[in-house]
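Analysis of the macromolecular model
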Amino acid sequence: MIHVHELTKNYSDLRRGQFEALKGISFHARSGQIFGLLGPNGAGKTTALRILSTVLRPSSGSATVDGFDVITQSAQVRRQIGFMSANTAVYDRMTGWEMVEYFGRLHGIPREELSERMESLFERLKMNDTRDVLGAKMSTGMKQKVSVARAVVHDPPVLIFDEATSGLDVLVARALLETVAELRDGGKCIVYSTHIMREAEKLCDRIAILHRGTILTEGTLEEVRERHGQHDIEELFFQLISQHDQQSLEHFLSR
């Protein structure tokens, strides 16, 4: 469903010169699976997901979504995905219903079909009590639900969640995680980025730990635990990052 091969992204920085946000990462994600992209802030998670959603162009390498190339077939890729992040904006002067309807129309869904789909979606996400609330008056949790609804209204086979629970209270975050799991069980291919290890353990079928643009390890949770001899994912996370930073420092000093 998603195939990423040797993907790189370079930026020009006035202070640091050429900066490598991604250094040739590769991974695969399948239907009915949540692939967790784990890493601290600045690891390159958002860069990778923005490339998959066609917002950014990679410097080299390739990525396909449901068989469509993110560079040469970007319009087709956008039809296959729903994208949500903690920074997804909500329009102040539109209600939740109007906003989801607007995005459904952008995807070309016929009005009658869209109305039926939205009724089902608002019931599923428990949004009917707040469907007429303006964006300016929504709580953070309400905004996140609207963001989920507009990401899935066109029923895409691939969903991308970038730090989706950031800033949410524990109850809203729990509800969002349950929704993500339900979407996976419905056959969606989901890429889920986070730096919260508890979320990864609860949700993800496979994970990749990303640090400074490099994937340090990848596999199922059990494969990763067995490979590195560490059952606690949080401890494993810190262990791999510390080892990588130490190796990078030694390489730098040896030059």
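Scroll up a little and you will see the structure.
Described below are features of the structure shown in this document. (Residues numbered from 1 in each chain as written. Predicted model: local features only at pLDDT ≥ 70, side-chain atom pairs only at ≥ 80, totals over all residues. Heavy atoms only, no water.)

A short note on the pairing of strand S6 (residues 81-85)
Defined as follows: To sort residues, take the accessible area from a 1.4 Å probe on protein chains only and compare it with the maximum for the residue type: under 20% means buried, over 50% means exposed, and anything in between is partly exposed. Going along the chain from the N terminus, every DSSP run of H or I of four or more residues is numbered as a helix, and every run of E of two or more is numbered as a strand. For two strands to count as paired, DSSP must find a minimum of two bridges between them.
Across the five residues of S6, four count as buried, placing the element largely inside the fold. Sheet analysis places S6 next to strand S7 (residues 158-162), joined by five bridges and oriented parallel. Across the sheet, residue methionine 84 finds its bridge partner in S7, namely phenylalanine 161.

Looking at unusual backbone geometry
Even without being glycine, glutamate 6 reaches a positive phi, approximately 50°. Tracing the backbone through its elements, the reader meets glutamate 6 in strand S1 (residues 2-13). Of note, aspartate 155 is a non-glycine position whose phi angle comes to about 55°, a positive value. Mapped onto the fold, aspartate 155 is located in the loop between helix H5 (140-152) and S7. Taking the relative accessible area as the measure of exposure, aspartate 155 reaches 48% and is therefore partly exposed.

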